[in-house]
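# Chains, contacts and geometry: an overview
Chain by chain, the residues run as shown.
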Amino acid sequence: MENLLSEQGLSMAQVQKSRLQHGSNTTQSEKRSVFTDVLWGIVKEPMFLLLLVTCIIYFALGQYQDGIIMLAAICLVSGISIFQDYRSANAVKALNKLASPRAKLIREGKPVQVPSEEIVVGDVLLLEEGMIVPADGELIASNDLSINESVLTGEAFSIAKSPENDKMVFKGSLVTSGSGRIQVSAVGKATRFGQIGASLQEVTVERTPLQQQISRFVKLMVMVGVVAFVLVVAFNYSLSGNFNSAFLQGLTLAMSILPEEIPVAFATFLALGAYRLLKKQVIVKQPQYVETLGTATVICVDKTGTLTQNKMEIVALYDAVSHQELSLDKSMDASSQLLEYAMWSSETTPFDPMEKAIHSLYENTTATDLRPLYNQVHEYPLSGTPPMMTHVFSNKAGENVIAVKGAPEAVLKCSDLTEAQKNAFLDKSREYANKGYRVLGVGKATGDYKEWPEKQEEFSFRFLGLIVFEDPIKPGIPETINSFRKAGIQVKMITGDYAGTALAIATQAGLDTSNAVLTGEAIREMPEALLKQQVLATSIFVRMFPEAKLKVVNALKSAGEIVAMTGDGVNDAPALKAAHIGIAMGKRGSEVAKNAASLILANDELTGMTDAIALGRKIYNNLKKAIRYIISIHIPIILIVTLPLLLHWAFTDIFSPVHVIFLELIMGPTCSIIYENEPVEKGTMTAKPRKTTYSFLTFRQLFLSIVQGLAITVGCLITGYYYLQAGYDHETVRTVIFITLLFSNIFLTQLNRSFEFSVIQTLRYRNALVPLVILVTLIFIVCMLYVPAVRNLFSLSMISTAMLLTCIGVAAVSTFWVEIVKLIYRKKSLVR
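Presented here is a report on the structure given in the accompanying data block.

What counts and what doesn't
Residues numbered from 1 in each chain as written. Predicted model: local features only at pLDDT ≥ 70, side-chain atom pairs only at ≥ 80, totals over all residues. Heavy atoms only, no water. Helix = DSSP H or I, 4+ residues; strand = E, 2+ residues; numbered from the N terminus. Buried < 20%, exposed > 50% of the residue type's maximum accessible area, 1.4 Å probe, protein only. Contact = heavy atoms within 4.5 Å. Areas by Shrake-Rupley, 256 points an atom, 1.4 Å probe, with all protein chains shown as cover. Phe/Tyr/Trp six-rings, centres within 6.5 Å; stacked < 30°, edge-to-face > 60°. Pairing = 2+ DSSP bridges. Axes fitted to C-alpha atoms, helices over the stretch in contact; angles between N-to-C directions. Core = buried A, V, L, I, M, F, W, Y, C linked by side-chain atoms within 4.5 Å. Salt bridge = Lys/Arg side-chain N within 4 Å of Asp/Glu carboxyl O. Parallel < 35°, antiparallel > 145°, perpendicular 65-115°, else oblique. Left-handed = near helix turned anticlockwise from the far one by under 90°. Nonpolar A, V, L, I, M, F, W, Y, C, P; charged D, E, K, R; others polar. Arc of directions from axis to C-beta.

## Looking at the overall build of the chain
Along the chain, the regular secondary structure elements total 32 helices and 21 strands. For the chain, the residues scored as buried account for 54% of the 832 residues in total. Counted over contacts in the chain with a minimum sequence separation of 6, partners at least 24 positions apart contribute 71%. With an accessible surface of roughly 37,300 Å², the chain has 58% of that area assigned to carbon and sulfur atoms.

Dropping the structure here:
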């Protein structure tokens, strides 16, 4: 019955029945609605609370028209925020779903891959090395299976598992070697993992420096808003004696100070940026990593499968007996056991490209296939420094086959050859490696064993020869490496191969090979201070092992570099986790590597990182433009509310909450929609990576934006003061100030699209949303001036064409002076 279950698995009808009975494989305590989360986040926003208080006050005072306007404003502002936040949240949800692990099952007699949350009780689950077990179950079959259960027990060592001995396998544990099949016995919260509350559904991610900077800035502005509110209420009340009027004016000022667009813009930029990367086959596990991508200064890449195609082809078999290369067809010397033992030392069902190539050549050149006559009885997984692996097979007659393959020096070290013979084969191996080939040594052991040795190194092997592979470089890799170099990003190769192989591939890829290479052994013995210097000067690291990779990453980090690291295997996980940006391979990466990484290259193509870094830089630059725009346009709103009061103008209540809310409705979409959609500016990918300590929220960085805001303030107030002194009524003064500010906002939106290039050039940027937002703003202006109902809502009056042209002219003068600053900056850049 077990054999039948192992071969057939569940039918789809059984899957549905099991899911209804036992539930899905998720430890999430509650399925929260995205919409509910977004709505609750908006209700907690200070701006929402201010609007609500203002609305209540208007209704309490009997000013029902203003109260209805504020109620409509609440709905409109909340609707826009819900749309932006909901879009961002759904983008993140989609990314999380794609980044979630997948499981291999047997269903209806066929192997299938499904998301791990779709596993049900009764499923037959396939286990393989490097996999994180997604559900509890009992072993049906195993092949030298070892599992690390430290996530549950805290014990660091692996445990041997088999159907006969310790057959339970638990969710969250790691398959360190071997393979097997389990029948799932518990899923979701019913697993031991779920019962102890070790849920992985919520991952705490450390906030990036930019997130922390924005959070501090917004908190500061909220505190300023509270203080300003109290002072304005007190000052206005002392002058007018009207508390209701003073309170409303205080609320107006508080609304104008709050920069609630900034956190919304930041979240929108990152979430949509991550979604754009998804379209380029780059899965970002958390949107925060998108911003970090733009700061990368070093990328550490693996050779096999990253720079090369990982399509191994055997190009030579060097026989240790004849000291000659064997034919690679059916005329191969039958007396040589080199290819046969290379096959025995590979996995029975190979998934590694080299092992696939070995099995394929064996099938094409061997007259009698011996594989059906033998069963694997023991396995020594890939281990050691440098690594090798050993398999043991037996037939019904009790005859054993003990085969080893691995790094030539590892196999030769355990062989019965003399030192001179070992050195001769090592020289031959290096000769192949210097041509860019991948080389493995193969050996065999004989003898009767009552018990298999604890370690494979205890065997005495007869060296059979070398098997030589060619792994061509991927198309486009030299161009990708060059694009990194132009962007000021160093590229370092970290590989387990020989120096000769690594240098040959590095030369083809366009990497810097002028400096000496560093080996894993040298790194292990090197003092930290010296290592920090050496890793900066070295581009090629060879004969590397997990501990050495981790030391290189940590040394680069301690030297102040922002490190991106690619990897695909279980042994890469520590370095991937340690790197600022861990990059796992989607097709050939193990679940452990994907779990440790920040992002996943779905198609295993390094070219995706060029797009990712460009997008990371674009998002940062566009966010900087958006925030500088927000600062510039908030300043005149704040000062137009405050200065007339402090200067004892005859007309002080220029803006009411209605006007401020209208401006918020323009500014919010402008910064979040227009600037998020801006293209990558010229020079973005040739600029040096910014330092993570850099902040554009300092006074020095915001100085130009502050001056822009002050210039707009001066233009608006001078215009208003002129008409006030000329004897025009309050509604006309309010109108010219408000219209001047709205046109200033239109011009500012265009001018701030670049702080380097002229507005003539930025007008050519492809961004369909720019004319749309400007058109909507112009329609609003027309309605406020010429539609009586709208004009009355904003307490405005009709103005003459001459006055309208004056407003436009003042707005242009108040904003376009920044073009002179840009011109001076460009001339200075040319001189440098």
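## Comments concerning the environment of Ile119
Topologically, Ile119 is positioned in the loop between β2 (110–115) and β3 (124–128). On the basis of relative accessibility, which here comes to 0%, the residue Ile119 falls in the buried class. Distance in space between the C-alpha atoms of Ile119 and Pro134 is 8.2 Å, their sequence separation being 15 residues. Not counting residues up to four positions away in its chain, the partners in contact with Ile119 are Asn25, Ala103, Leu105, Arg107, Leu125, Pro134, Ala135, Val184 and Val187.

## A word on the side chain of Ser814
Within the secondary structure, Ser814 is located in helix α31 (residues 801–816). Apart from residues lying up to four places away in sequence, Ser814 is in contact with Ala711, Ile712 and Gly715.

## Observations regarding the packing of aromatic side chains
Counting across every chain of the model gives 15 aromatic pairs. Ring centres of Phe738 and Phe794 lie 6.2 Å apart, and the angle between their planes is 25°; on these two criteria the pair is classed as stacked. You can see Phe738 sitting in helix α27 (residues 730–751) and its partner Phe794 sitting in the loop between α30 (788–793) and α31, a full 56 residues away along the chain. The class for Phe738 is buried, based on a relative accessible area of 0%.

## Brief notes about the pairing of strand β14 (residues 438–445)
With 7 of 8 residues buried, β14 lies mostly within the body of the structure. Judged from the 5 bridges that link them, strand β13 (residues 400–406) and β14 form a sheet pairing that is antiparallel. Across the sheet, residue Lys405 finds its bridge partner in β14, namely Val442. Pairing of β14 with strand β15 (residues 462–470) involves 7 bridges; the strand directions are antiparallel. Following the sheet pairing, Arg438 is matched in β15 by Phe469.

## Things to note about unusual backbone geometry
Of the consecutive residues Thr385 and Pro386, the connecting peptide bond is found in the cis state with omega at 0°. Summarising the element assignment, Pro386 is placed in the loop between β11 (375–383) and β12 (388–394). Phi at His323 is positive, roughly 55°, even though this residue is not glycine. Backbone geometry at Ser795 places phi at a positive 55°, although glycine is not the residue there. On the basis of relative accessible area, Ser795 is assigned to the partly exposed category, the value being 34%.

## Quick word on the sheet that holds strand β18 (residues 540–542)
Spatially, the 8 strands line up as an open sheet ordered β8-β21-β20-β19-β9-β16-β18-β17, and their pairing is mixed. Unpaired on one side and paired on the other, β8 (282–284) and β17 (518–519) mark the two borders of the sheet. By the bridge criterion, 3 bridges tie strand β9 (residues 298–301) to strand β19 (residues 563–567) in an arrangement that is parallel. Paired with Ile299 across the bridge in β19 is Ala564. Where helix α18 (residues 499–509) meets the sheet, its contacts fall on β16 (490–494) and β18, and the angle it forms with β18 comes to roughly 150°.

## Regarding the nonpolar core
Leu307, Phe484, Leu511, Met609, Phe655, Phe738 and Leu741 are the most contacted members of the largest nonpolar core, which totals 112 residues. Take this core: its biggest share by element is 20 residues, from helix α24 (residues 607–646). Those residues in contact with Phe738 that lie beyond four places of it in its chain are Phe655, His659, Phe662, Leu663, Met784, Phe794 and Leu796. In this structure, Ile494, Phe545, Val552 and Ala593 belong to the second largest nonpolar core, which totals 32 residues.

## Digging into the sheet that holds strand β10 (residues 313–319)
Pairing in this open sheet of 6 strands is antiparallel, and the strands run β10-β15-β14-β13-β12-β11 from one edge to the other. The open sheet has two edge strands with one neighbour each: β10 and β11. Looking at each pair of strands side by side, their axes are set apart by 20° on average, direction ignored. On top of the sheet, helix α16 (residues 419–433) reaches β10, β14 and β15; it is set at about 5° to β15, its chief contact.

## Points about the pattern of salt bridges
Per the stated rule, a full pass over the model turns up 20 salt bridges. Salt-bridge contacts for Lys161 lead to Glu149; the nearest nitrogen and oxygen are separated by 2.8 Å. On the criterion of sequence distance, the pair formed by Lys161 in strand β5 (residues 158–161) and Glu149 in the loop between β4 (136–148) and α6 (150–153) is long-range, its members being 12 residues apart. For the pair Lys161 and Glu149, a shared accessibility class is recorded, and that class is buried. A salt bridge links Arg276 to Glu676; the nearest nitrogen and oxygen atoms lie 2.8 Å apart.

## Describing the packing of helix α26 (residues 699–725) against α31
Two packed helices can be described by the angle between their axes and the distance between those axes. Where α26 meets α31, the closest approach of the two axes is 8 Å, and the angle between their N-to-C directions is 150°. Compared by their axis directions, α26 and α31 come out roughly antiparallel. Classified by chirality, the crossing of α31 by α26 is right-handed. Taken together, the residues of α31 that come into contact with α26 (itself represented by Ala711, Ile712, Gly715, Thr719 and Tyr723) are Met803, Thr806, Val810, Ser814 and Thr815. Across the contact of α26 with α31, the residue classes tally to 5 nonpolar, 5 polar and no charged.

## Things to note about helix α17 (residues 477–486)
Among all positions of α17, only Ile477, Thr480, Ile481, Ser483 and Phe484 are buried. For α17, the buried positions fall inside an angular range of 155° around the axis, keeping them on one side. When the buried face of α17 is taken as reference, the exposed residues oriented beyond 90 degrees from it are Glu479 and Lys486. Looking at the buried residues of α17, the elements they touch are β9, α12 (303–307), β16, α18 and α24.

## A closer look at the pairing of β9
Here β9 shows a buried face lined by Val298 and Cys300 and a second buried face lined by Ile299 and Val301. Pairing between β9 and β16: 4 bridges, direction parallel. Within β16, the residue paired with Cys300 across the bridge is Lys492.

## A short note on the packing of α27 against α31
Packing of α27 against α31 brings their axes to within 8 Å, and their N-to-C directions diverge by 40°. What the angle tells us is that α27 and α31 run oblique. Read as a crossing pair, α27 and α31 show a hand that is right-handed. Counted together, Thr732, Val736, Ile739, Thr740, Phe743, Ser744, Phe747 and Leu751 of α27 and Met803, Leu804, Cys807, Ile808, Val810, Ala811, Ala812, Thr815 and Phe816 of α31 form the full contact between these two elements. Here the residues of the contact of α27 with α31 sort into 13 nonpolar, 4 polar and no charged.

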